[in-house]
Amino acid sequence: MSEAHEDTQNSTDTTETAEHDRLQYDIAVIGAGPGGYSAALRASELGKHVVIIERDAVVGGTCLNRGCIPTKALITSVGTINEAKHAQSTGIKLEFQGIDFGELRDHRERMVSTMTEGLAALLKHRKVDVIHGQASISGTGELTVQNDDSTQTIKATDIIIATGSRPRPLPDIPFSDVILDSDHALTLDTFPDSAVIIGSGAIALEFASLWNTAGCKVTLLARKDRVISGWSKRAGVTLGRELKRSGINLITHASCTGIDTGDNLGATVHYKDEHDDEQQVEADVVLVAIGRQAATDAQWFADAGIDLDGHGLVKTDELGQSSVEHVWAVGDITPGHQLAHRAFEQGITVAEAIAGLEPRGVDDNTVPQIVFSTPEAAAVGMTLDAAQEDDTLVSVKETAYPMMSNARVLMTGQGGSLSVVTGCDESDPDTPVVLGAQIIGPHASEMIAEAEQLVGNRVPLADAARLIHPHPTFSEAFGESLLKADERPLHVR
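The rules we used
Residues numbered from 1 in each chain as written. Predicted model: local features only at pLDDT ≥ 70, side-chain atom pairs only at ≥ 80, totals over all residues. Heavy atoms only, no water. Helix = DSSP H or I, 4+ residues; strand = E, 2+ residues; numbered from the N terminus. Rg over C-alpha atoms; globule rule 2.2 N^0.38 Å. Buried < 20%, exposed > 50% of the residue type's maximum accessible area, 1.4 Å probe, protein only. 1 Å grid on protein atoms, 1.4 Å probe; cavity = no way out; pocket = protein on both sides within 12 Å on 5 of 7 lines; lining within 4 Å. Points joined across faces, edges and corners; volume = space filled by probe spheres on them. Nonpolar A, V, L, I, M, F, W, Y, C, P; charged D, E, K, R; others polar. Domains from an automatic or database assignment. Axes fitted to C-alpha atoms, helices over the stretch in contact; angles between N-to-C directions. Parallel < 35°, antiparallel > 145°, perpendicular 65-115°, else oblique. Left-handed = near helix turned anticlockwise from the far one by under 90°. Contact = heavy atoms within 4.5 Å.

**Student:** Tell me about the overall build of the chain, and please be specific about residues and values.
**Tutor:** In terms of regular secondary structure, the chain is built from 15 helices and 22 strands. Relative to the globule expectation of 23 Å for 493 residues, the C-alpha radius of gyration of the chain, 25 Å, shows essentially globular dimensions. Taking the principal axes of its C-alpha atoms as reference, the chain extends roughly 95 × 65 × 45 Å. Across the 493 residues in the chain, those meeting the buried criterion constitute 46%.

**Student:** Requested: an account of the layout of surface pockets, with residues and values cited.
**Tutor:** Remark: the empty space left among the atoms is shown by a probe the size of a water molecule rolled over them. If you add up the space inside the second largest pocket, you get close to 970 Å³. Going through the elements one at a time, helix 4 (68-88), helix 7 (202-213), helix 8 (233-245) and helix 12 (407-412) are the ones with two or more residues in the lining of the second largest pocket. No other element matches helix 4, which puts 10 residues into the lining of the second largest pocket.

**Student:** Just give me the short version of empty space enclosed by the protein, but keep the residues and values in it.
**Tutor:** Across all of its chains, the model carries one cavity of 30 Å³ or more by this definition. One number sums up the size of the largest cavity: a volume of about 90 Å³. As for the largest cavity, its lining consists of Leu74, Phe101, Leu104, Arg105, Arg108, Ala185, Leu186, Leu188, Asp189, Thr190, Phe191 and Phe207. At the level of elements, helix 5 (101-125) and helix 6 (182-186) are the ones that each hand at least two residues to the lining of the largest cavity. A total of four residues in the lining of the largest cavity trace back to one element, the largest contributor, which is helix 5. Along the lines of polarity and charge, the residues of the lining of the largest cavity split into eight nonpolar, one polar and three charged. Of the domains in this structure, domain 1 (24-164 + 295-364) and domain 2 (168-290) are the two that each give at least three residues to the lining of the largest cavity.

**Student:** Go over the domain arrangement of the chain, please, and point to the residues and values.
**Tutor:** The domain boundaries assigned to the chain delineate domain 1 (24-164 + 295-364), domain 2 (168-290) and domain 3 (375-486). Here domain 1 and domain 3 have C-alpha centroids that lie 31 Å from each other.

**Student:** Please set out the packing of helix 4 against helix 7 residue by residue, giving values where relevant.
**Tutor:** Packing of helix 4 against helix 7 leaves a shortest axis separation of 9 Å and a crossing angle of 45°. With respect to helix 7, the element helix 4 is oriented oblique. Crossing hand, helix 4 versus helix 7: left-handed. Across the interface between the two elements, Thr71, Lys72, Leu74, Ile75, Val78, Ile81, Asn82 and Lys85 of helix 4 pack against Glu206, Phe207, Leu210 and Thr213 of helix 7. Split into classes, the residues belonging to the contact of helix 4 with helix 7 amount to six nonpolar, three polar and three charged.

Right under this line is the structure:
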């Protein structure tokens, strides 16, 4: 072989080796939402060679692009309208002159791009490769990635699936330009003049508060006897009362039976009331917010032998491993709360499990639930009913604290409620601990973090009640509730 030919051959071998190395990874993550990117970042910290395959043009998943970030950007902006209205009663004279929807849209998009660009930069800094395309598991330790231009094969020792979820439609009623899902609702050029919202969970209540504050006539159809029906009755009734007080037309025991859409847009929603009588309500748009369904219906899930439960969720062990060895699942496709912060912790847990660190599994009892409505709602741990049904607990009780006893809450003009659930482990029947908390009121989303720490660490009630809260603050309400639960109330009876 000539020297020139040998140099060329060596160059070709080097190129092929580099290409092979680029497509061989320790970990491949399908989906760049909170669960996927947290797993990738933590795995990279632990020295793993990681690639993320994301079908969208940008990273961040539903949370950053179509969920948590854009909705909270709108809620935060529009929430100033309520502040201005309340200011009038305190002597501050402000004039609300309307909404510049173009500026509001630009603000929302700036917040999204800031977060997604920051995440992309962080992934690059951590040396996580990002490939855009549609991924599928095509064999043991092998993925196929398809995009408009090409198809490529990626090999990985471990695969983490984080394909997320999508809005669930009503049976036999597809989404349209009038019957919206939450993704479409976020892209509207303006807020509707009137809307029917079907659902009573976080997404439904957040859009109800957002649109209502902006002047939309909102009718909310809740299938059960109260909103957030999975929470305590006290929390659901209190939040429902406050939503009504803000002007939202809340109809409980309402079951949608059909939706008619006219030629000139607009819709008529037919539903049965608590007496099983047919009723109807008209509006410009209908938002269907009855939950989200896991994105696990692609054929490759079955072909790969990944076991799903009856709801289409991936069955995993406590650390996130699926029924297939070296294939893991995190986020909305696993049983439990479909929340970004839960997915974050799942991603970290899986990355550490793959690296051999033997982490503890995610404890769903310590995952806070939050509704960014007006007022906010937040909960963590057990409700009274759940604690009473647990045979390992004794002396279970719920302590209610009147939020209007707190000076800072009183100043906002909002109402609410706060309850703490306590009880004793049967092995230590003389030491009550904090088992759960549910908060309806201003800044509930921030206050719940303290409750999470107490619940997660099973802090004895007497110790928790001794913690000092600054005065006067919203968080002081939680401190007062602990004192009351410990039978040492200060400012309440």
